[in-house]
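Single-letter residue listing:
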Amino acid sequence: MYKVPGAGVGVAGGGVGALAATGADVGWWLAVGVILLVLGTIAVIAGYRRTKRLGKAGS
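Just so it is clear, the model here is predicted, and its values are computed rather than measured.

Draft legend 1. Here's a closer look at the overall build of the protein chain. What the protein chain contains, in helices and strands, is 2 helices and 0 strands. A total accessible area of about 5,100 Å² is found for the protein chain, and carbon and sulfur atoms account for 71% of it.

Next up, the structure:
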């Protein structure tokens, strides 16, 4: 009988545990983490600049 990879290793909690339990490459997870950090930083900076610009225009 076929057993789903990662079954019984805390998969009920969510997808990340299931993907990690299948033996996904750690380098891939690190790359995704770095990309998310960079995108988050860009979003925060863009939001700050937009707020600053709108504040100047209103006064």
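Draft legend 2. Molecular detail of the UniProt feature "transmembrane region" (unreviewed entry) in the protein chain. The UniProt record annotates "transmembrane region" (unreviewed entry) at residues 26-48. The span residues 26-48 is 100% helical and 0% strand by assignment, and the distance between its end C-alpha atoms comes to 33 Å.

Draft legend 3. Structural context of the packing of aromatic side chains. This structure, assessed with the given rule, holds 1 aromatic pair. For the pair Trp28 and Trp29, a centre-to-centre distance of 5.0 Å together with 85 degrees between the ring planes defines the contact as edge-to-face.

Draft legend 4. Focus on a nonpolar patch on the surface. A cluster of nonpolar side chains, contributed by Val34, Ile35, Val38, Leu39 and Ile42, occupies part of the molecular surface with about 460 Å² of accessible area. Mapped onto the fold, Ile42 is located in helix H2 (residues 26-58).

Cut-off values and rules
- Along every chain, residues carry numbers that run from 1 in the direction the sequence is written.
- With pLDDT at 70 or above as the cut-off, local features in this predicted model cover only qualifying residues; side-chain atom pairs require 80 or more to be listed or tallied, and sums for whole chains, interfaces and linings still use all residues.
- Think of the side-chain values as coming from all heavy atoms in the structure, minus any hydrogens and water.
- Secondary structure elements follow DSSP: runs of H or I no shorter than four residues count as helices, runs of E no shorter than two count as strands, and numbering proceeds from the N terminus.
- Note on areas: Shrake-Rupley, 1.4 Å probe, and residue coverage restricted to the protein chains presented here.
- UniProt positions are given in the numbering used here, feature names are shortened, and annotations may be inferred rather than shown by experiment.
- Aromatic contacts are taken between Phe, Tyr and Trp rings whose centres are within 6.5 Å, Trp giving its six-membered ring; a plane angle under 30 degrees counts as stacked, one over 60 as edge-to-face, and the others as tilted.
- To count toward a patch, a residue needs a relative accessible area over 30% and no salt bridge; like charges are then connected within 9 Å, while nonpolar side chains (Val, Leu, Ile, Met, Phe, Trp, Tyr) are connected within 5 Å.
- The term salt bridge refers to a side-chain nitrogen of Lys or Arg lying within 4 Å of a carboxyl oxygen of Asp or Glu.

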